[in-house]
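Single-letter residue listing:
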Amino acid sequence: MGTKELRRKLIKDFGKFIDDDSKLEILESVFDAINHDEKDSIVPNTHYNLVAEEREKYLSGEIQASSWEETEQRLNAKYGF
C-alpha cells in the first residue's frame, strides 16, 4: 500500500474512531504513547561504561569468567541450593 492510499485509509479510520467515544480514548492513549518522551535511565552511564570496559577485558582474555554451571556448583556447595 502506497503512502497516499495509507493516508486516505487512516483518515477514513480516524473518522470512525472520532465518532466512538470508547475508541477515541484508546486513540488518545496511542498518541500519548507515541509522543511520550523516553525517560532517562535510572542507571548512570558510568555503570554502562564499566560494563563495556569489563566486557572488552573478557573478550580480550585479560580476565576470566566462570560458566553458569560452574557458578551454580559453587553456590550449591557453599549454600546448599
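This one's a predicted model, so the numbers in the text were calculated from it and none came from an experiment. (Residues numbered from 1 in each chain as written. Predicted model: local features only at pLDDT ≥ 70, side-chain atom pairs only at ≥ 80, totals over all residues. Heavy atoms only, no water.)

Structural notes on the overall build of the chain
Logical step 1: The helix and strand inventory of the chain stands at four helices and zero strands.
Logical step 2: Its helices and strands in sequence order give the chain the pattern α-α-α-α, from N to C terminus.
Logical step 3: Here the C-alpha atoms of the chain give a radius of gyration of 26 Å, more than 25% beyond the 12 Å that 2.2 N^0.38 yields for 81 residues.
Logical step 4: The principal-axis extent of the C-alpha atoms belonging to the chain is close to 65 × 35 × 30 Å.
Logical step 5: A buried classification covers 1% of the 81 residues belonging to the chain.
Logical step 6: In the chain, 12 positive and 18 negative side-chain charges are present, and the distance between their average locations comes to 8 Å. (Helix = DSSP H or I, 4+ residues; strand = E, 2+ residues; numbered from the N terminus. Rg over C-alpha atoms; globule rule 2.2 N^0.38 Å. Buried < 20%, exposed > 50% of the residue type's maximum accessible area, 1.4 Å probe, protein only. Lys, Arg positive; Asp, Glu negative; His and termini not counted. Charge placed at Lys NZ, Arg CZ, Asp CG, Glu CD.)

Some remarks on a nonpolar patch on the surface
Logical step 1: Together, Ile26, Val30, Phe31 and Ile34 line one region of the surface with nonpolar side chains, adding up to about 390 Å² of accessible area.
Logical step 2: Tracing the backbone shows isoleucine 26 in helix α2 (residues 21-35).
Logical step 3: Classification of isoleucine 26 by relative accessible area gives exposed; the value is 54%. (Patch = residues over 30% accessible without salt bridge, like charges linked within 9 Å, V, L, I, M, F, W, Y side chains within 5 Å. Areas by Shrake-Rupley, 256 points an atom, 1.4 Å probe, with all protein chains shown as cover. Salt bridge = Lys/Arg side-chain N within 4 Å of Asp/Glu carboxyl O.)

A closer look at the confidence of the model for the chain
Logical step 1: Predicted confidence across the chain gives a mean pLDDT of 87, with 98% of residues reaching 70 or more.
Logical step 2: Across the chain, the element-wise mean pLDDT spans from 82 in α2 up to 94 in helix α4 (residues 68-79). (pLDDT = per-residue confidence, 0-100.)

Some remarks on the pattern of salt bridges
Logical step 1: In this structure the tally under the stated criterion is two salt bridges.
Logical step 2: Close ionic contact of aspartate 13 with lysine 9 constitutes a salt bridge, the shortest N to O distance being 2.8 Å. Here lysine 9 and aspartate 13 lie together in helix α1 (residues 3-19), a separation of four residues that amounts to about one turn.
Logical step 3: One salt bridge connects glutamate 54 with lysine 57, and the closest N-O pair in it is separated by 3.4 Å. Here glutamate 54 pairs with lysine 57, and both are found in helix α3 (residues 45-60), just three residues apart, close to one helical turn.

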